[in-house]
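Architecture at a glance
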Amino acid sequence: MGSVLSRPDRSADYGRAVDYVPETVTRSVKLLVAGNFGVGKTTFVSSVSEIKPLRTEETITEASVGIDDLGGLGSKTTTTVAMDFGRITLNPELALYLFGTPGQQRFIPLWEELAKGALGALVLVDTRRIEKADEVLATLEERGVPYAVGVNEFEGSNRYPLSEVREALDLTEDTPLVALDARDRRTCLQSLITLVEYLFHRLESRL
């Protein structure tokens, strides 16, 4: 299975004109792209989606002051208030439907709906605000959603060995942990392949 998943459908590399699901697709998987506020979920979905992504962003207003933590986010002016949605044909037989979750605590009830039917989640983290990831990881664990973790390496941020990130997040040894750039489609695709392989191996081990 690993060799199949390691070769994404090459048609996705030549623009994003594919609005339909290829006839060869026989299996689809719903995945969450989760993470705290401002960690790069919208950018990730936009980078990897083979269709024009659906976004539900609104301008950050004074109403967010004291509610949403804007510290360390620089010039961020918008926030996802419902979800981001995209699709990627990972190989000729498998399509992934990506649902980017809003990062603020006040939108946790929406997570309940988005998590229904999701096979797993990719959790994006920012090492500059790594403590913010604890809440997201706990939320997924409480709901029984398996996950992989992707360290979004923002420009200008410090780079840390993944072993140190694993320790800081208190991740189990079998939890996949990868580094990526949410603006770079190649690393985003590789992180999704890692997640899907992990999830499928979990399912196979239960059979």
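Provided above is the structure to which this section pertains.
Just so you know, these numbers come straight off a predicted model, no measurement behind them.

Turning our attention to the side chain of S191. Locating S191 in the fold gives a position in helix 6 (residues 185–205). A polar contact is formed between the side chain of S191 and the backbone oxygen of C188, at a distance of 2.6 Å. Other than its neighbours up to four places away in sequence, S191 contacts F44, L122, V178 and L180.

We now examine the pattern of salt bridges. The tally for this structure, following the rule as stated, stands at nine salt bridges. Between R159 and E153 there is a salt bridge; the shortest N-O distance is 3.4 Å. We classify E153 as partly exposed; its relative accessible area is 26%. For R183, the salt bridge identified is with E155, shortest N-O distance 3.5 Å. Within this pair, whereas R183 is found in the loop between strand 8 (177–180) and helix 6, its partner E155 is found in the loop between strand 7 (147–152) and helix 5 (162–169), the two being separated by 28 residues in sequence.

Glancing now at the sheet that holds strand 5 (residues 94–100). Judged by pairing direction, the sheet is mixed, and its six strands sit side by side in the order 4-5-1-6-7-8 without closing on themselves. Lying at the two open borders of the sheet, with one neighbouring strand each, are strand 4 (84–91) and strand 8. For this sheet the average axis-to-axis angle between neighbouring strands, irrespective of direction, equals 25°. Strand direction decides the pairing type here: strand 4 and strand 5, joined by seven bridges, are antiparallel. Considered in strand 5, the bridge of R87 is made with Y97. Those strands touched by helix 4 (residues 133–142) are strand 1 (27–35), strand 6 (120–125) and strand 7, and its axis lies near 175° from that of strand 6. Contacts between helix 5 and the sheet are confined to strand 6, strand 7 and strand 8, with strand 8 contributing the most and set at about 120° to the helix.

You will see that D170, though not glycine, has its phi angle at about 55°, which is positive. If you trace the backbone, D170 turns up in the loop between helix 5 and strand 8. Since its relative accessible area comes to 68%, D170 is described here as exposed.

Calculation criteria
- What you see as residue numbers is a count from 1 along each chain, following the sequence as written.
- Residue-level local features of this predicted model are given only where pLDDT is at least 70; pairs of side-chain atoms are given and counted only at 80 or more, and the full residue set underlies all totals for whole chains, interfaces and linings.
- Side-chain calculation: all heavy atoms of the structure are included, whereas hydrogens and water are not.
- The way it works is that DSSP assigns letters per residue, a run of H or I at least four long becomes a helix, a run of E at least two long becomes a strand, and they are numbered from the N terminus.
- Any pair of N or O atoms that falls within 3.5 Å is considered a polar contact. Within protein, one atom must be able to donate a hydrogen and the other to accept it, and sequence-neighbouring residues count only if both atoms are side-chain atoms.
- Contact definition: two residues touch when any of their heavy atoms are within 4.5 Å.
- Any Lys or Arg side-chain nitrogen found within 4 Å of a carboxyl oxygen on Asp or Glu counts as a salt bridge.
- Classification of residues uses two cut-offs on accessible area relative to the type maximum, computed with a 1.4 Å probe and protein chains only: under 20% is buried, over 50% is exposed, and between them is partly exposed.
- A pair of strands is labelled paired if DSSP reports no fewer than 2 bridges between them.
- Orientation is described by axes fitted as lines to C-alpha atoms, over the contacting stretch for helices, and by angles from 0 to 180 degrees between their N-to-C directions.

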